[in-house]
Amino acid sequence: MSHDDYGRGYHSSFSTCVPLEEQMRRLIEQQDTHIAKVGRLSGAATTNTC
């Protein structure tokens, strides 16, 4: 296994043994997607200021 194997997307979405860091990354990505969708549906412009 190379160091690239540990990067983003290495863990399968079907895996039940996903590291906490990857779980958090996925949750944050889902929330960002949801916030963008709500913004589009409400007509509000959303920007990421972080």
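This text follows the structure it describes.
What this report covers is the structure whose coordinates are included nearby. (Residues numbered from 1 in each chain as written. Predicted model: local features only at pLDDT ≥ 70, side-chain atom pairs only at ≥ 80, totals over all residues. Heavy atoms only, no water.)

**Considering the overall build of the protein**
Then comes step 1: In terms of helices and strands, the protein carries one helix and zero strands.
Then comes step 2: The buried share among the 50 residues of the protein stands at 8%.
Then comes step 3: Here the protein displays about 4,700 Å² of accessible surface, and carbon together with sulfur accounts for 58% of that area. (Helix = DSSP H or I, 4+ residues; strand = E, 2+ residues; numbered from the N terminus. Buried < 20%, exposed > 50% of the residue type's maximum accessible area, 1.4 Å probe, protein only. Areas by Shrake-Rupley, 256 points an atom, 1.4 Å probe, with all protein chains shown as cover.)

**Let's talk about helix H1 (residues 20-42)**
Then comes step 1: Compared with an ideal rise of 1.5 Å per residue, which puts 23 residues at 33 Å, H1 spans 33 Å between its outermost C-alpha atoms and is within 8% of the ideal.
Then comes step 2: Two residues or fewer after H1 comes glycine 43, characterised by a positive phi angle close to 85°. (Expected span 1.5 Å × (residues − 1).)

**Let's talk about a nonpolar patch on the surface**
Then comes step 1: Residues Leu20, Met24, Leu27 and Ile28 make up a contiguous nonpolar surface patch of roughly 380 Å² in combined accessible area.
Then comes step 2: Relative to the elements of secondary structure, leucine 27 occurs in helix H1.
Then comes step 3: Looking at leucine 27, the relative accessible area reads 41%, which means it is partly exposed. (Patch = residues over 30% accessible without salt bridge, like charges linked within 9 Å, V, L, I, M, F, W, Y side chains within 5 Å. Salt bridge = Lys/Arg side-chain N within 4 Å of Asp/Glu carboxyl O.)

**Regarding the pattern of salt bridges**
Then comes step 1: One pass over the structure, following the stated rule, counts three salt bridges.
Then comes step 2: A salt bridge links arginine 25 to glutamate 22; the shortest N-O distance between them is 2.8 Å. With arginine 25 and glutamate 22 both in helix H1 and three residues apart, the pair spans about one turn of that helix.
Then comes step 3: Take glutamate 22: its relative accessible area is 8%, and that puts it in the buried class.
Then comes step 4: With its nearest N and O atoms 2.9 Å apart, the salt bridge here joins arginine 25 to glutamate 29. Taken together, the residues span about one helical turn, with arginine 25 and glutamate 29 both in helix H1 at a distance of four residues.
Then comes step 5: Given a relative accessible area of 27%, arginine 25 falls into the partly exposed group.
Then comes step 6: Residue classification places glutamate 29 among the partly exposed residues on the basis of a relative accessible area of 36%.

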